[in-house]
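As a plain string of letters, each chain reads:
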Amino acid sequence: MRIDIPDGQEPIPYVWGEMVPGIGPAAAQFSMAVYDHTTLGLREFEAARLRVAQINGCLFCLDWRTERDGEKVEASFIDAVEDWRTTDAFDERTRLAAEYAERYTIDHHGLDDAFWKRMTAHYSQAEIVELSMAIGSWLAFGRLNHVLGLDAVCVLPGH
């Protein structure tokens with residue numbers, strides 16, 4: 001870790017709460033809202049989330065699998081996310097979610113009219129905003145945890 005954690009303190013609550021009490025708890029609430037209030041399907045949600053995790057290199061995010069109603073994506077899903085361009089495991093919405101996550105994270109200036117035409121053919125405007133906020137959350141907080149070396153000790157709080 002790149003942040004000194006006092007003896008007896010849990011790294012995530014300490015860094016996200018005690019070190020920056022005016023910012024950390026609000027950031028944590030936003031991060032959890034992405035999971036608690038999503039309207040997106042599990043596969044497209046996980047495709048975007050895992051693609052951001054792959055790009056960020058966040059160890060915890062790569063190991064985490066979102067669960068809904070006792071369901072998770074299959075174990076091979078992470079490999080399909082890496083190969084989103086060619087995999088036959090994805091429908092068009094899931095493929096677009098992975099593509100959007102990658103382009104948003106690496107080359108947001110390259111999101112051209114042709115991409116948006118494909119995106120709006122498969123997602124409503126509200127879904128695009130929701131997916132954009134989710135990707136932004138994962139990009140910011142997964143990268144923050146990785147850069148500070150917290151990703152090896154990260155545990156999401158219970159809902």
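For clarity, every value in this text was computed on a predicted model and none was experimentally measured. (Residues numbered from 1 in each chain as written. Predicted model: local features only at pLDDT ≥ 70, side-chain atom pairs only at ≥ 80, totals over all residues. Heavy atoms only, no water.)

Q: What is the right way to read a nonpolar patch on the surface from this model?
A: A surface patch of nonpolar side chains, amounting to about 270 Å² of accessible area, comprises Met19, Val20 and Ile23. Here Val20 is to be found in the loop between α1 (11–18) and α2 (24–36). Val20 gets classed as partly exposed once you look at its relative accessible area, which sits at 34%. (Patch = residues over 30% accessible without salt bridge, like charges linked within 9 Å, V, L, I, M, F, W, Y side chains within 5 Å. Areas by Shrake-Rupley, 256 points an atom, 1.4 Å probe, with all protein chains shown as cover. Salt bridge = Lys/Arg side-chain N within 4 Å of Asp/Glu carboxyl O. Helix = DSSP H or I, 4+ residues; strand = E, 2+ residues; numbered from the N terminus. Buried < 20%, exposed > 50% of the residue type's maximum accessible area, 1.4 Å probe, protein only.)

Q: Before we go on, may I ask you to explain the packing of aromatic side chains in this structure?
A: Here a ring pair, both rings aromatic, is described through the centre-centre distance and the interplanar angle of the planes. For the coordinates displayed, the defined rule picks out 12 aromatic pairs. Pairing Phe60 with Trp64 gives two aromatic rings, centres 5.7 Å apart and planes at 35°, and the pair type is tilted. Between Tyr100 and Tyr104, the ring centres sit 5.7 Å apart and the planes meet at 85°, which makes this aromatic pair edge-to-face. In this pair, Tyr100 and Tyr104 both sit in helix α6 (residues 92–106), 4 residues apart, roughly one turn of the helix. Residue Tyr100 is classed as buried on the basis of its relative accessible area of 3%. Taking the relative accessible area as the measure of exposure, Tyr104 reaches 23% and is therefore partly exposed. Taken together, the ring pairs connect Tyr35, Phe45, Phe60, Trp64 and Trp138 into an aromatic cluster. If you follow Arg68 out to its NZ or CZ, it ends over the ring of Phe45, 5.0 Å from the centre. (Phe/Tyr/Trp six-rings, centres within 6.5 Å; stacked < 30°, edge-to-face > 60°. Lys NZ or Arg CZ within 6 Å of the ring centre and 35° of its normal.)

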